[in-house]
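Close look at the chain arrangement
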Amino acid sequence: MKTIDRIHGGYVHRRRVRVLADFFAACLPRDLSILDVGCGDGQLARALARVRPDLKVTGVDVLERDDCAIPMKPFDGKVIPFEDGTFDAVLMADVLHHTTDPACLLEEAKRVSSQWIALKDHTRNGLFAETTLRFMDRVGNARHGVTLPHNYWSVEEWLGAFRDLNLEIEEW
């Protein structure tokens, strides 16, 4: 294993999971069923469920990992394999920039969620944003075989997608 992989896996990933679990735990209402789209290793969902045992979390991902920490189903990255409104909320943490059509997957999240979409992703604003995001993505995801189309949106693109899908922003 490369040194950078050890550093990322041993420090950065664990810290990211902890910070994001605390963030989402504070934002989400009680007693929800949640679909974690792009759940990866399931560590974020498991940490969220530990902080908030009232939440029931299931995952989907295009890559099946033997070490996934939560129940998960594989999917094609385009059509989420659940009926309309199956979940109270859909969680997507750093997922949409890994798709070739983020708006399509965001629309699918809206379809399977009856109430909420909890979304965390990047914005491509700033002089070195694109370069920095590409580097961070490669370090964190390339070794796992994650697709890296580097599809980062500007704030304006995010707002346009939310407007086009009639999604209301409660907190940015």
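Heads up: these notes are all about the structure in this document. (Residues numbered from 1 in each chain as written. Predicted model: local features only at pLDDT ≥ 70, side-chain atom pairs only at ≥ 80, totals over all residues. Heavy atoms only, no water.)

1. Overview of the sheet that holds strand S1 (residues 33–37)
Through backbone hydrogen bonds, the strands of a sheet pair up, either in parallel or in antiparallel fashion. Going by this rule: The criterion for strand pairing is that DSSP finds at least two bridges linking the strands in question. By the criteria applied, helices consist of DSSP H or I runs no shorter than four residues and strands consist of E runs no shorter than two, each listed in order from the N terminus. All axes are obtained by fitting lines to C-alpha atoms, using only the stretch in contact for helices, and the reported angles, taken between N-to-C directions, cover 0 to 180 degrees. Two residues form a contact once any of their heavy atoms are found within 4.5 Å.
In spatial order, the strands read S3-S2-S1-S4-S5; together these five strands make up an open sheet with parallel pairing. Strands at the two margins of the open sheet, each flanked by one partner only, are strand S3 (72–74) and strand S5 (113–120). Recorded for the sheet is a direction-independent mean angle of 20° between the axes of neighbouring strands. Where S1 meets strand S4 (residues 87–93), three bridges bridge the pair, whose relative direction is parallel. When the sheet's bridge partners are listed, Asp36 is paired in S4 with Leu91. In this fold helix H2 (residues 43–51) packs onto S1, strand S2 (56–61) and S4, with an angle of close to 130° to the strand it touches most, S4.

2. A word on the state of the cysteines
We apply this condition: Here, the term disulfide refers to a pair of cysteine sulfur atoms separated by no more than 2.5 Å. Buried means the residue's accessible area, taken with a 1.4 Å probe over protein chains only, is under 20% of the maximum for its type, while exposed means over 50%, and partly exposed covers the values in between.
All told, the structure shown has zero disulfides when counted by the stated rule. Left without a disulfide partner, Cys39 is nearest to the cysteine sulfur of Cys68, which lies 4.1 Å away. With a relative accessible area of 6%, Cys39 lands in the buried category. Here Cys104 is not disulfide-linked; the sulfur of Cys39 is the nearest cysteine sulfur, at 19 Å.

3. Here we look at the nonpolar core
Here is the rule we go by: Buried Ala, Val, Leu, Ile, Met, Phe, Trp, Tyr and Cys residues that are joined via side-chain atoms within 4.5 Å together make up what is termed a nonpolar core.
Judged by nonpolar contacts, the single largest core of 21 residues is most densely connected at Phe24, Leu28, Ile34, Leu44, Leu48, Leu55 and Leu91. Sorting the residues of this core by element identifies helix H1 (3–27), H2 and S4 as the ones contributing at least two each. Here Ile34 is in contact with Leu28, Leu48, Leu55, Lys56, Val57, Thr58, Phe87, Ala89 and Leu91, once residues within four sequence places are set aside. Within the second largest apolar cluster, 20 residues are counted, among which are Phe82, Trp158, Phe162 and Leu165.

4. Re unusual backbone geometry
The phi dihedral of Asp31 falls on the positive side, at around 60°, and the residue is not glycine. Judged by relative accessible area, Asp31 falls into the exposed class, the value being 55%. One non-glycine residue, Asn166, adopts positive backbone phi at about 55°. Looking at the secondary structure, you find Asn166 in the segment after helix H5 (155–164).

Remember that the coordinates give geometry; whether it matters functionally is a separate question.
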